[in-house]
4 protein chains.
Amino acid sequence: MAFRFLTSGESHGKCLTAIIEGIPAGIPLKPDDIDKHLARRQQGYGRGDRMKIEQDRVLINSGVRHGMTTGAPVCFEIENKDWQNWQVTMSSQAVDINNPSISELITQKKITHVRPGHADLPGALKYNHQDIRNVLERSSARETAARVAVGALASTILGIFNIEIFSHVLRIGPVNVDSESLPVNYNIIREFAEKSELRCADYSASIAMKKAIDEAKEAGDSFGGLFEVVALGVPVGLGSYVHWDKRLDGLIAQAIMSIPGIKTVSIGLGKASSEIPGSKLHDEIYPKNDDSKDYQRKTNHSGGIEGGISNGNPIVLKGAMKPIPTLKKPLKSINLENGEEHIAHYERSDVCAVPAAGIVGESMLAIVLLQAFLEKFGGDSLEEIKVNYENYCNMYQKR
Amino acid sequence: MAFRFLTSGESHGKCLTAIIEGIPAGIPLKPDDIDKHLARRQQGYGRGDRMKIEQDRVLINSGVRHGMTTGAPVCFEIENKDWQNWQVTMSSQAVDINNPSISELITQKKITHVRPGHADLPGALKYNHQDIRNVLERSSARETAARVAVGALASTILGIFNIEIFSHVLRIGPVNVDSESLPVNYNIIREFAEKSELRCADYSASIAMKKAIDEAKEAGDSFGGLFEVVALGVPVGLGSYVHWDKRLDGLIAQAIMSIPGIKTVSIGLGKASSEIPGSKLHDEIYPKNDDSKDYQRKTNHSGGIEGGISNGNPIVLKGAMKPIPTLKKPLKSINLENGEEHIAHYERSDVCAVPAAGIVGESMLAIVLLQAFLEKFGGDSLEEIKVNYENYCNMYQKR
Amino acid sequence: MAFRFLTSGESHGKCLTAIIEGIPAGIPLKPDDIDKHLARRQQGYGRGDRMKIEQDRVLINSGVRHGMTTGAPVCFEIENKDWQNWQVTMSSQAVDINNPSISELITQKKITHVRPGHADLPGALKYNHQDIRNVLERSSARETAARVAVGALASTILGIFNIEIFSHVLRIGPVNVDSESLPVNYNIIREFAEKSELRCADYSASIAMKKAIDEAKEAGDSFGGLFEVVALGVPVGLGSYVHWDKRLDGLIAQAIMSIPGIKTVSIGLGKASSEIPGSKLHDEIYPKNDDSKDYQRKTNHSGGIEGGISNGNPIVLKGAMKPIPTLKKPLKSINLENGEEHIAHYERSDVCAVPAAGIVGESMLAIVLLQAFLEKFGGDSLEEIKVNYENYCNMYQKR
Amino acid sequence: MAFRFLTSGESHGKCLTAIIEGIPAGIPLKPDDIDKHLARRQQGYGRGDRMKIEQDRVLINSGVRHGMTTGAPVCFEIENKDWQNWQVTMSSQAVDINNPSISELITQKKITHVRPGHADLPGALKYNHQDIRNVLERSSARETAARVAVGALASTILGIFNIEIFSHVLRIGPVNVDSESLPVNYNIIREFAEKSELRCADYSASIAMKKAIDEAKEAGDSFGGLFEVVALGVPVGLGSYVHWDKRLDGLIAQAIMSIPGIKTVSIGLGKASSEIPGSKLHDEIYPKNDDSKDYQRKTNHSGGIEGGISNGNPIVLKGAMKPIPTLKKPLKSINLENGEEHIAHYERSDVCAVPAAGIVGESMLAIVLLQAFLEKFGGDSLEEIKVNYENYCNMYQKR
């Protein structure tokens, strides 16, 4: 594995942390490269109040010196702004349960009414927990902030090689964008999405989406939806067909499906590919133009991946997200302490997090692409990688 | 990783091989446990003539003694029955190109007219190949026979713990099964599918599917479709939410998306989950009945996975397969030797391989589940694993 | 891999961090379990002044709640006490080099006179660094404090299963312990070593060792030496012969050789095993006694490992450490800026760190053993692992 | 991991197999590149009769076409020449134990008298085997033939970049080479070793070694010894100090210690490094000469590795091998069936295998170096790697 990373941290713990090992030396990196993506993750119509509290900022604790990576492991820390209110509940050390106020707080924060749709019940059975808080603090989507920090680092490096990744929202609950009304040019979609509260490039759809979210909120309900992630500028030849676990599409599918709430991942035309005959689907190949350096396609139904390898076209994927399972109007469930019926626990939550999931999707795609990129091009410093990259591009473009 | 495996072999090479390391000792295993799944992979209306030639059989070259695994790496070999016709073309050793008949054969078998939709073009550019045969021999779906052998081993072990996996076809090209007409009981679906030439549990749909395949064949075209894979008897607690790359849904998504031609993977209700509100989606939880050992659900919209962990319900996934890109009525493409326009290469191929993809899907799911199973239960011999497994089941069922 | 971890941090950076993923739930853990080993690493006659400054303490940032692991990734942070003096030199962000005082500081702390024996020269060439500080801050043995924190966690878990690990010093430079004078009982060796400033169980040797260190210090020189690490209570069956990379001896060798300065790793009698005939070496096997649960050995020349698997006897290894390469009386070297001759850089350093290396050795052994232990016994909570462990012990002891 | 491999096969099974995944395309490879190393492994004074039977030859079953790697997984098979005599004993399928001749054979080949020093006893307890043959068939050093095949492939690739690896014997049992009499030039040592029946470059020592082996054989005893492996031409910058598990010395230590019988691994001066002061040990650095492209050292006490990274000097390691534990004059042991005293099993064995262990050492070093090489230089075809390699060498040599 070219680079690897681990994340840690609980939803209401002291901080999230990520260590990233295998980042080459000589990459310019400043906190804002990370913070801007952390902020993008926190936005989106339908988020809960917590987003206002948090305003995540990264601390770069190691691996970067004077604005440049050194090759040493990079450590990111994101403090939880709300930590002071949770120091007792989430203390790593034993607390004095003989102290009545502490004891009361602990009891009050204990959760035993498992929420359907979350890790609560299977998590408690797997790890033998009595207090569901021991599960949900880590199974919470708060953890994705750490992934976004890692993904921002990956995007920064990919950006040096003109690989750009963005996401936009295609549906919230039942409200679809009108695909006819979407701009054809990816850069315009990107621009529109960045300006939209819902990361949606279709303005009139976004109005209907907000309305749906408002109604769900009113009803104590929640909505999922559909997002698309696009990577522009990916060179031919990332991933491989030679072994199943090297296929770029498989790696992308894992990365996207691992985002909390995602139930479907598709690449290119996705399911529609399976409905039309081969003669209408596959992206025919045309000779290079005078001014191009590569073979041409007039379509990109494959979503930029053929045989598990990037083919030089934009990589296009979609993720479908289920509605958030924490509902103000709670579902039927049980009390884990006695096994009896009880409605599910409710804890402050979003009504809709699809735009944020799209940002996490960008991050996961950036991570997968940087992995494949560094594996293909090797090198320990930016200078070395640049020459290797150009060498390869020249090799295949001259053919 | 609890167990790991590597596969090798080319479509027209001497043999496919798989080495599987990490299989516990004491598992009863006979060739037929593998062969029956190899045969299931080769069936299906719409397959090419090659399936009649092959009739794959496994040779167990190591790791099994007197019908029992020993803990040593297991080696499976599947000979290519057609090898004698390809010995020169696919020779591992240099051939005498001064010999005119050899030279002519080599030239004749060289491929430079890349096929859109396959690994041909990106594979040639990545690995710097001039002859696309060096790509397609490995990127061919023939490689999935080795995966099915590994998956059959995994299924055999899972079967000891009453975990059963099966697949069936839900659509071929535009022809859907009528979901209303599908049996409710999974065992009946399984039984119907096993009897169907298309692995389809809806008899009248299967007639329409065959017609669609016949028409595509007539037109030199091809069709993809949709299959479902179901695992029954999976215990609570495989996979985890604690780190993104341990989530069972992510691992399943990679495994399924890595099957050649798959463009969409979904779990449970999949995309439909993202269209309805949370209050209608999540699987409510009910107390244990007297005669049950676990909490109850009346629905399984989640497809058996919550928070990245198995929740004790059937694991249900779908894979959408694009049509096979090798077309008798070939697509527009180029000649890689001179970059000029040329129609794509055609080599004997299937018209539709969705039923086979479903079998590969079973295998990939079995592999992922056995990985998670062995990680959770540890142990080096079947006896040891059995006690660990029962110990855990007792622990959580007594709660 | 049952559990995995990454560490980050520079010698004079803000902090060291470790994330450990894969730790079961339900393990009691308090900061002192870690701090006591951090303190043991910092002691030892011959250490530099820095050890007095540091007094490392762990912050447990995640994965532990109310004194108990939750199954979520554990994050340890060790702040550098000296950080305030290095904030500019080691700033992760760009500094204002137009500010003369900053510019002067940066220039002053830049290092170009590479030190033979360190990573300085190969590290600078590999990562394309001009300032050796970008290498040495991470190649410094300060990094081993993070490993000791991880090892302390591993030891805490192993301790629950009565697996105890300790180290002692056998030689400093040319001064050996008198092997005849060493106690026969490992617990007494351990007790003596814990009380010794040099972690040496032979009191009179330790006096001569101190004298050698004093003389080296006086001469601006340094000394290495030899340490032994012993693990008591390891069950039969960790590691395996079935694949080369599962052998416990190989995994131990990597872990010990990876400690900065180690040039030789040996197990059991080590090199002496290769000098005597087989008939005098191998540890003969005797029937179980009435009061024992296992087969008996009267010798342990193998150091507790046969065929790459633990055999139930104490695991015994030795590591030989070269002298520290940073010398007050510097070696001949070059200036990397112009390639010309220049004596090597000197920065505050220890004269001898063998006792500390022994503590790091304990940690690395604990990490390897916990890996193998968790792989063999599986389980996600302490309760589950305990039953699996007892199940296995009963199985093989009844035979 | 740049490339990975798995091996399978039993000592008396049908064949050994290795699958190697991650080998770049375009590498010229012929069977003799492998066979010559297989033959070198089988030679050496003191080997048993089996070596005459075997004469291993590789079959290249996949990944190579017309003498050139394709990028697809490479599969090597080494048939066991003696297989016809073991077909029943080692059958993968159940045998007819009602047939008296089969039943008798099986009983006769069953082993229950465990051999001290082998995996027999811990292996049987770990995997719950009653018949030690289920252990020893895989724990046998026969398995190293597969590693040598993989190592030969690695050496072939490294050889293209002028990295050459060889081994020689420094001691058999108590008989040392006279280090003063060894040639100074590595190429002469290599040449002498290749010509010696014991792979020993000191002719008079080799005579004494043979005598020691003859005497051991006479006495039903066995001898170990010491070998050295040297890699010439390794570029600066393989491995790294940035994380413990990337250190080249640690990776080498694991690889060498994993060879059956090895009890000590040392790099460079090894243990002697720990006996002399720093001022006398570290390899001082001198400016580049006019005709050189790199900094100079006059010594190589470090064995070519500083701070876990190759420094451009020869990599030099030593492995100490214990005597083979299978003794004609057997050791005291027990019968696993009833736990009572019984002398250990004897099965045809070598008296001394140190020269062969040196060949396996070459292979393991080649594997580690190729891993690090491919990680550093990336690339999917030989052409691409060559340019990347030259790019890097130019970069650091111009400094």
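In the block above lies the structure referred to throughout.
If you tally the helices and strands in chain A, you get twelve helices and 18 strands. The C-alpha atoms of chain A give a radius of gyration of 23 Å, which matches the 21 Å a tight globule of 399 residues would have. For the C-alpha atoms alone, the extent of chain A along its principal axes is close to 80 × 50 × 40 Å. Taking all 399 residues of chain A together, 68% fall into the buried category. Sequence-distant contacts in chain A: of pairs separated by 6 or more residues, those separated by 24 or more amount to 70%. Put simply, chain A shows about 13300 Å² of open surface, and 50% of that area lies on carbon and sulfur atoms. A gap of 1 Å separates the mean positions of the 46 positive and 49 negative side-chain charges of chain A.

Another aspect to go through is unusual backbone geometry. Residues and elements named next belong to chain A. At H66, a position not held by glycine, the phi torsion is positive, near 55 degrees. Among the secondary structure elements, H66 is positioned in the loop between strand 5 (64-65) and strand 6 (68-70). Judged by relative accessible area, H66 falls into the partly exposed class, the value being 22%.

What follows concerns the pattern of salt bridges. Evaluated as defined, the whole model comprises 112 salt bridges over all chains. For the salt bridge of D245 of chain A with R4 of chain D, the shortest nitrogen-to-oxygen distance reads 2.7 Å. With D245 of chain A in the loop between strand 10 (225-232) and helix 9 (248-257) and R4 of chain D in strand 1 (residues 4-8), the pair connects residues from two separate chains. D245 of chain A sits in the partly exposed class, given a relative accessible area of 22%. One salt bridge connects R147 of chain B with E143 of chain B, and the closest N-O pair in it is separated by 2.6 Å. With relative accessibility at 4%, the residue E143 of chain B sits in the buried group.

Residues and elements named next belong to chain C. In terms of burial, strand 1 (residues 4-8) is a largely internal element, four of the five residues being buried. By the bridge criterion, five bridges tie strand 1 to strand 2 (residues 15-21) in an arrangement that is antiparallel. In the sheet register, F5 faces strand 2, and the bridge partner there is I20. If you look at the hairpin formed by strand 1 and strand 2, you'll find six residues sitting between the two strands, and G9 has a positive phi there, around 125 degrees.

Let's shift gears to the relation of the copies chain C and chain D. Aligned on chain D, chain C shows an RMSD of 0.0 Å; the corresponding rotation is 180 degrees and the shift along the axis is 0.0 Å. Expressed as an axis order, the relation between the two copies is that of a two-fold axis. Minimal C-alpha separation from the rotation axis in chain C is found for Q254 of chain C, amounting to 2.3 Å. Most of the interface of chain C is mirrored in chain D, where 100% of its interface residues are also at the interface.

A few words on the relation of the copies chain A and chain B. For the pair chain A and chain B, the superposition axis carries a translation of 0.0 Å, the fit reaches an RMSD of 0.0 Å, and the rotation angle comes to 180 degrees. An overlap of 100% is found between the interface residues of chain A and their copies at the interface of chain B, pointing to a shared contact surface.

Quick look at the interface of chain C and chain D now. Reports often express the size of an interface as the amount of accessible area lost when the parts come together. Taken together, the contacts link 103 residues of chain C with 104 residues of chain D. Where chain C abuts chain D, roughly 8500 Å² becomes buried across the two surfaces, and 62% of that area is made up of carbon and sulfur atoms. Among the residues of chain C in contact with chain D, Y241, W244 and R399 of chain C are the three that bury the most area, contributing 10% of the side total. At the junction of chain C and chain D, the tally comes to two salt bridges.

Quick look at helix 4 (residues 120-127) of chain B now. Residues and elements named next belong to chain B. By the criterion of burial, helix 4 is predominantly enclosed, with eight of the eight residues buried. D120, L121, P122, G123, A124, L125, K126 and Y127 are the residues of helix 4 that are buried. One or two steps after helix 4, the chain reaches N128, where phi turns positive at roughly 60 degrees.

Our focus in this paragraph is the packing of aromatic side chains. All chains considered together, the criterion is met by 44 aromatic pairs over all chains. Seen from their ring centres, F3 of chain B and F5 of chain B are 6.4 Å apart, and the 25 degrees between their planes marks the pair as stacked. Given the relative accessible area of 1%, F3 of chain B is considered buried. Among the aromatic side chains, those forming a connected cluster through ring pairs are F161, F373, F377, Y389, Y392 and Y396 of chain A. Over the face of the ring belonging to Y45 of chain A we find K210 of chain A, whose NZ or CZ atom lies 5.4 Å from the ring centre. When the ring centre of Y286 of chain B is taken as reference, the NZ or CZ atom of K298 of chain B above it lies at 4.1 Å.

If you look at the interface, chain A gives 103 residues, while chain B gives 104 residues. When the buried surface of chain A facing chain B is broken down by residue, Y241, W244 and R399 of chain A rank first, second and third, together holding 10% of it. Counting across the chain A and chain B interface gives two salt bridges. With a closest N to O distance of 4.0 Å, R171 of chain B and E275 of chain A form a salt bridge. At the boundary of chain A with chain B, the tally comes to 36 residue pairs in polar contact (both at pLDDT 80 or more). For the side of chain A that touches chain B, a count of residues per class yields 46 nonpolar, 34 polar and 23 charged. Relative to strand 11 (residues 262-267) of chain B, strand 11 (residues 262-267) of chain A runs antiparallel, the two being bridged by three bridges.

This part is about the packing of helix 1 (residues 31-42) of chain D against helix 6 (residues 144-160) of chain D. All names here are of chain D. Packing of helix 1 against helix 6 leaves a shortest axis separation of 8 Å and a crossing angle of 135 degrees. Between helix 1 and helix 6, the angle is such that the two are oblique. For the pair helix 1 and helix 6, the crossing hand works out as right-handed. Within the contact between the two elements, helix 1 uses D33, I34, H37, L38 and R41 and helix 6 uses T144, A145, V148, A149, A152, L153 and T156.

To summarise the sheet geometry, strands pair through backbone hydrogen bonds and adopt either a parallel or an antiparallel arrangement. All names here are of chain B. Taking strand neighbours across the sheet as the criterion, the four strands line up as 1-2-7-4 in an open arrangement whose pairing is antiparallel. Edge strands, defined here as strands with exactly one partner in the open sheet, are strand 1 (4-8) and strand 4 (58-62). Put simply, the sheet's adjacent strands are angled 20 degrees from each other on average, direction ignored. Helix-sheet contacts for helix 1 (residues 31-42) involve strand 4 and strand 7 (74-79), and the interaxial angle to strand 4 is about 140 degrees.

With that settled, consider helix 11 (residues 354-377) of chain B. An α-helical segment advances 3.6 residues per turn. Residues three or four places apart therefore align on the same side. Residues and elements named next belong to chain B. If you check helix 11, its first and last C-alpha atoms are 34 Å apart, about what 24 residues at 1.5 Å a residue would give, namely 34 Å. Among the 24 residues in helix 11, 23 count as buried, and that is most of the element. Just beyond helix 11, the residue with positive phi is G378, at close to 55 degrees.

Residue and element names in this part refer to chain D. Residue position: I27 is located in strand 3 (residues 25-28). The spatial distance from the C-alpha of I27 to the C-alpha of I160 is 8.9 Å, given a sequence separation of 133 residues. Setting aside anything within four residues of it in sequence, one finds I27 in contact with G67, M68, T69, I157, I160 and L382.

This paragraph deals with the environment of K36 of chain B. All names here are of chain B. If you trace the backbone, K36 turns up in helix 1. Under the relative-accessibility criterion, K36 is labelled partly exposed at 45%. Placed 219 residues apart in sequence, K36 and A255 show a C-alpha to C-alpha distance of 22 Å.

Let's shift gears to the side chain of E362 of chain B. Among the secondary structure elements, E362 of chain B is positioned in helix 11. Those residues in contact with E362 of chain B that sit more than four places away from it in its chain are H37, R40, I165, F166, S167, R199 and V229 of chain B.

Cut-offs used in this document
- Residues numbered from 1 in each chain as written.
- Chains lettered and ligands numbered in written order.
- Predicted model: local features only at pLDDT ≥ 70, side-chain atom pairs only at ≥ 80, totals over all residues.
- Heavy atoms only, no water.
- Helix = DSSP H or I, 4+ residues; strand = E, 2+ residues; numbered from the N terminus.
- Rg over C-alpha atoms; globule rule 2.2 N^0.38 Å.
- Buried < 20%, exposed > 50% of the residue type's maximum accessible area, 1.4 Å probe, protein only.
- Contact = heavy atoms within 4.5 Å.
- Areas by Shrake-Rupley, 256 points an atom, 1.4 Å probe, with all protein chains shown as cover.
- Lys, Arg positive; Asp, Glu negative; His and termini not counted.
- Charge placed at Lys NZ, Arg CZ, Asp CG, Glu CD.
- Salt bridge = Lys/Arg side-chain N within 4 Å of Asp/Glu carboxyl O.
- Pairing = 2+ DSSP bridges.
- Least-squares fit on C-alpha atoms with pLDDT ≥ 70 in both.
- Buried area = accessible area lost by both parts, 1.4 Å probe.
- Phe/Tyr/Trp six-rings, centres within 6.5 Å; stacked < 30°, edge-to-face > 60°.
- Lys NZ or Arg CZ within 6 Å of the ring centre and 35° of its normal.
- Polar contact = N/O pair within 3.5 Å; in protein donor to acceptor, adjacent residues only side chain to side chain.
- Nonpolar A, V, L, I, M, F, W, Y, C, P; charged D, E, K, R; others polar.
- Axes fitted to C-alpha atoms, helices over the stretch in contact; angles between N-to-C directions.
- Parallel < 35°, antiparallel > 145°, perpendicular 65-115°, else oblique.
- Left-handed = near helix turned anticlockwise from the far one by under 90°.
- Expected span 1.5 Å × (residues − 1).

What is shown is where atoms sit, not what they do.
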